[in-house]
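# Analysis of the macromolecular model
Spelled out, the chains give:
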Amino acid sequence: MWSSVDRKDYTAISLGNPYGHYDNSKQVRSASLWRQWNRLSRLQRSVVWLIVILGALSCLYLVPSMLQDRDELDKLSKKPWHKDDVKAGDLNRQKEIKGPNLEELKRRAKKQLEDEKKTTLKIKKKGPPGKRLHDGSLQAPGGPRDGDKGQDNQQHAPPGEQNVVLTPVKDKKEADTNDVKGKVEAKYVSPAPVQTDGDPFSGPKNNQQKAVVDAFRHAWKAYKKYAWGHDQLRPISKDFEEWFGVGLTLIDSLDTMYIMGLKEEFKEARDWVANEMSLDVNRDVNLFECTIRVLGGFLSAYHLTKDQMFLDKARDLGDRLLPAFGSGSKVPFSDVNLKTHKAHPPRWGPDSSTSEVTTIQLEFRDLSKITGDPKYALAADEVTKHVHGLPKKDGLVPIFINARTGNLRSSGTITLGARGDSYYEYLLKMWVQSGKTNDMVKDDYVESVEGIKKHLVRLTEPNKLTYVGELLSGSMFSPKMDHLVCFLPGTLALGHINGLDPQHMELAKKLLYTCYQMYEKMPTGLSPEIAYFNQAPGAPDDIIVKPADRHNLLRPETVESLFYMYRFTGDKKYREWGWKIFLAFEKYTKLEEGYTSISNVMDVRNPRPRNKMESFFLGETLKYFYLLFSDDPNLIPLDKYVFNTEAHPLPIYSSL
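Bear in mind that the values here come from a model prediction, so they are computed numbers and not experimental data.

Next up on the list: the pattern of salt bridges. Using the criterion set out here, one finds 32 salt bridges in the structure. Between arginine 365 and aspartate 381 there is a salt bridge whose closest N-O contact spans 3.7 Å. Taken together, the residues arginine 365 in helix H12 (residues 361-371) and aspartate 381 in helix H13 (residues 375-388) connect sequence positions 16 residues apart. According to the relative accessible area criterion, arginine 365 is buried, its value standing at 4%.

In structure tokens:
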């Protein structure tokens, strides 16, 4: 046994004590540490200081947040819990008991962003139409307009107050087994017949449509106040985000406002396009996105109003986009500069997305039809003919194509989700747009549907939900389905109503039910961006959502398909489903000013607002809600119009 005097302290040795004995002397320890510090190189000392500084900064950032989280947990711990609130399984999902404490969470997010903004430079915004100050500067019209009396345009009954019956779910077969007791289910009650004045664009005719219009006005007021003339609103930080620099949300919303009968808002936006908008922007834009949103927005506004200004803008934009077709392979480049007219492949690699180069045809063909100049249609049709001749897997295409070689990437994933979806949609819609005279694209579409049924359609366990998966590397099946795939039920139904196989409609109904379950099974009632489907017998849940896929971007695809199915079948369950989805958007994405995408559809207490209102929320989602709740078949009749993939209606011709 060592005596206490002989026992060595190896900590002291490691710190530089040459004697190796435990010594309480502060002076000896300080000297030892100092000698060790002096032995370090300059680089080693810098690394040590960097670690210390980063640690201190982390503490400064994390401690206040931890204290806030502790306060929040203290509040939540006082709420009653049921034994079924937390269910063991793949998701460990938590369900709502007394509703989310969203206001507090939004307040905290807003305060954090305001604090961050104090340290950044302010970006000068383009002023919306408003009052001029004495010095000539433009004042954003943030206050109530004349006649509004500060009521924020909320002149109608709140959503669901008059036409919705709230009933508790009692039948366990009808209730989600993960839901807590006492969940409230919204039932749609058919609106009373209304007298129309013959104008399908005269405004809302029932309480559901009025609620949708109020939602649009709420979103539009925030856009006008904080992001007028810019691409997209950031509603929490109360500023904007630029993408193309052309007022994307405003243009995407033109036909929505016209269809909803919002004449004052439409005129204000129209005047901005005519007098202030410039396409001579030194900025690279994505050919696909700019075509479907901006060119499509101009074209639909022209067809609805016959305003020559919109056609002039459409022609100008078409000329600026045409250089993208100069790749030499008949497959256009993905990006083009609106000012210099120079085009190039995407920055992230040599390949373009297959759906992007094959989802521009409706717009360019329509532009040729109304201008009498065939150059736009010829460029787009060359792409269609080229892709038609490429090898496919029973009509299915990989999601990447090279603009320089013109070839599909054979090892690419096959999916009806991102980068693949609208290729199939436009095959059918080009046929419809042509007055059903273009048999080449119809045959490609019919073949692709057979390929979908053969390779991608599966059933889940335990409830046999029908879904559409993916083929990784073109061959290995994955039970993954993007929310984007929920366009497919509406497209299948559109094909059937135009004379295609009745089995297409049966598949559409099954898929749409699955898409609705992607909303219904989530605690917030909102769908995740991506879902995986269970294939293992005995597992309790059909739908699996990974943490990285739980966000909701205010997407329109399910509402779009609900609109088609209700218009074609008259089955009111599709309205019931749509109304419940609308109420979920109102509850979890509506802010004091505007709407926002959210990061977690699984968390009713903190869905985590993302501070972005996508242009398609106004251009597509709210438009399809409004059309779904319409009782007027003459409101964009589907035997006269075909919607592009951004929900902009374009006319059907007798031939193209």
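For helix H5 (residues 207-226), built from 20 residues, the straight-helix expectation of 28 Å at 1.5 Å per residue is met to within 8% by its first-to-last C-alpha distance of 29 Å. Of all the 20 residues making up H5, 15 are buried; the element is thus mostly covered by neighbouring parts of the structure. With a side-chain oxygen positioned 3.1 Å from the backbone nitrogen of glutamine 208, the residue opening H5 is asparagine 206.

Pairing is antiparallel in the open sheet, where three strands are placed in the order E14-E15-E16. Each of the sheet's edge strands pairs with one partner strand only, and the pair in question is strand E14 (480-482) and strand E16 (543-544). In the sheet, E14 pairs with strand E15 (residues 530-533) via three bridges, with the strands oriented antiparallel. Within E15, the position partnered with aspartate 482 by the bridge is isoleucine 530.

One pass over the full model with this rule turns up one disulfide. Bridging cysteine 486 to cysteine 515, the disulfide has an S-S length of 2.1 Å. One quick way to see it: the torsion about the S-S bond of cysteine 486 and cysteine 515 is about -100 degrees, and its sign makes the bridge left-handed. Of this pair, cysteine 486 sits in the loop between E14 and helix H16 (488-497) while cysteine 515 sits in helix H17 (residues 502-520), and the two are 29 residues apart along the sequence. One exposure class covers both cysteine 486 and cysteine 515, and it is buried.

This brings us to the side chain of threonine 460. Tracing the sequence through the fold places threonine 460 in the loop between strand E10 (457-459) and strand E11 (466-468). Separated by 2.9 Å, the side chain of threonine 460 and the backbone nitrogen of leucine 465 make a polar contact. A polar side-chain atom of threonine 460 sits 2.6 Å from a polar atom in the side chain of aspartate 542. Setting aside chain neighbours within four positions, we find threonine 460 in contact with Leu465, Tyr467, Phe533, Asn534, Gln535 and Asp542.

Below, the discussion takes up the sheet that holds strand E6 (residues 335-337). Within a sheet, each strand pairs with its neighbour through backbone hydrogen bonds, oriented either parallel or antiparallel. Within the open sheet, the three strands sit side by side as E5-E6-E7. Their pairing is antiparallel. The outermost strands of the open sheet, each flanked by one partner alone, are strand E5 (284-286) and strand E7 (343-344). Where E6 and E7 come together, two bridges link them in antiparallel fashion. Bridge pairing in E7 places aspartate 335 opposite histidine 344. Helix H9 (residues 287-305) contacts E5 and E6 of the sheet and is inclined by roughly 75 degrees relative to E5.

Let us now look at the pairing of E15. Every second residue of E15 is oriented toward a common face, with Ile530 and Tyr532 on one face and Ala531 and Phe533 on the other, all of them buried. Pairing between E15 and E16: two bridges, direction antiparallel. The residue bridging tyrosine 532 from the neighbouring strand is isoleucine 544, located in E16.

Topologically, alanine 548 is positioned in the loop between E16 and helix H18 (557-569). As a C-alpha pair, alanine 548 and serine 599 span 51 residues in sequence and 8.8 Å in three-dimensional space.

Time to look at the UniProt feature "active site" (unreviewed entry) in the chain. Per the UniProt record, the feature "active site" (unreviewed entry) sits at Glu289, Asp421, Glu529 and Glu557. Here glutamate 289 is to be found in helix H9. Overall, the relative accessible area of 15% leaves glutamate 289 in the buried class. In this structure, aspartate 421 sits in helix H14 (residues 421-433). Apart from residues no more than four positions distant in its own chain, aspartate 421 is found in contact with Ser355, Thr415, Leu416, Leu484 and Phe487.

Turning our attention to the packing of helix H8 (residues 263-275) against helix H10 (residues 308-321). For the pair H8 and H10, the least separation of the axes is 10 Å and the interaxial angle reads 45 degrees. Looking at the two axes, H8 sits oblique to H10. For H8 against H10, the interelement crossing comes out left-handed. Of the residues in H10, those touching H8 at Phe266, Arg270, Val273 and Ala274 are Met309, Phe310 and Lys313.

A few words on the side chain of histidine 344. By secondary structure assignment, the location of histidine 344 is in strand E7. Overall, the relative accessible area of 14% leaves histidine 344 in the buried class. A distance of 2.8 Å separates the side chain of histidine 344 from the side chain of aspartate 284, its partner in a polar contact. Ignoring any residue separated from it by four or fewer positions in sequence, one finds histidine 344 in contact with Asp284, Phe333, Ser334 and Asp335.

Reading the values: rules and limits
Residues numbered from 1 in each chain as written. Predicted model: local features only at pLDDT ≥ 70, side-chain atom pairs only at ≥ 80, totals over all residues. Heavy atoms only, no water. Salt bridge = Lys/Arg side-chain N within 4 Å of Asp/Glu carboxyl O. Helix = DSSP H or I, 4+ residues; strand = E, 2+ residues; numbered from the N terminus. Buried < 20%, exposed > 50% of the residue type's maximum accessible area, 1.4 Å probe, protein only. Expected span 1.5 Å × (residues − 1). Polar contact = N/O pair within 3.5 Å; in protein donor to acceptor, adjacent residues only side chain to side chain. Pairing = 2+ DSSP bridges. Disulfide = S-S within 2.5 Å. Contact = heavy atoms within 4.5 Å. Axes fitted to C-alpha atoms, helices over the stretch in contact; angles between N-to-C directions. UniProt positions renumbered as here; feature names shortened; annotations may be inferred. Parallel < 35°, antiparallel > 145°, perpendicular 65-115°, else oblique. Left-handed = near helix turned anticlockwise from the far one by under 90°.

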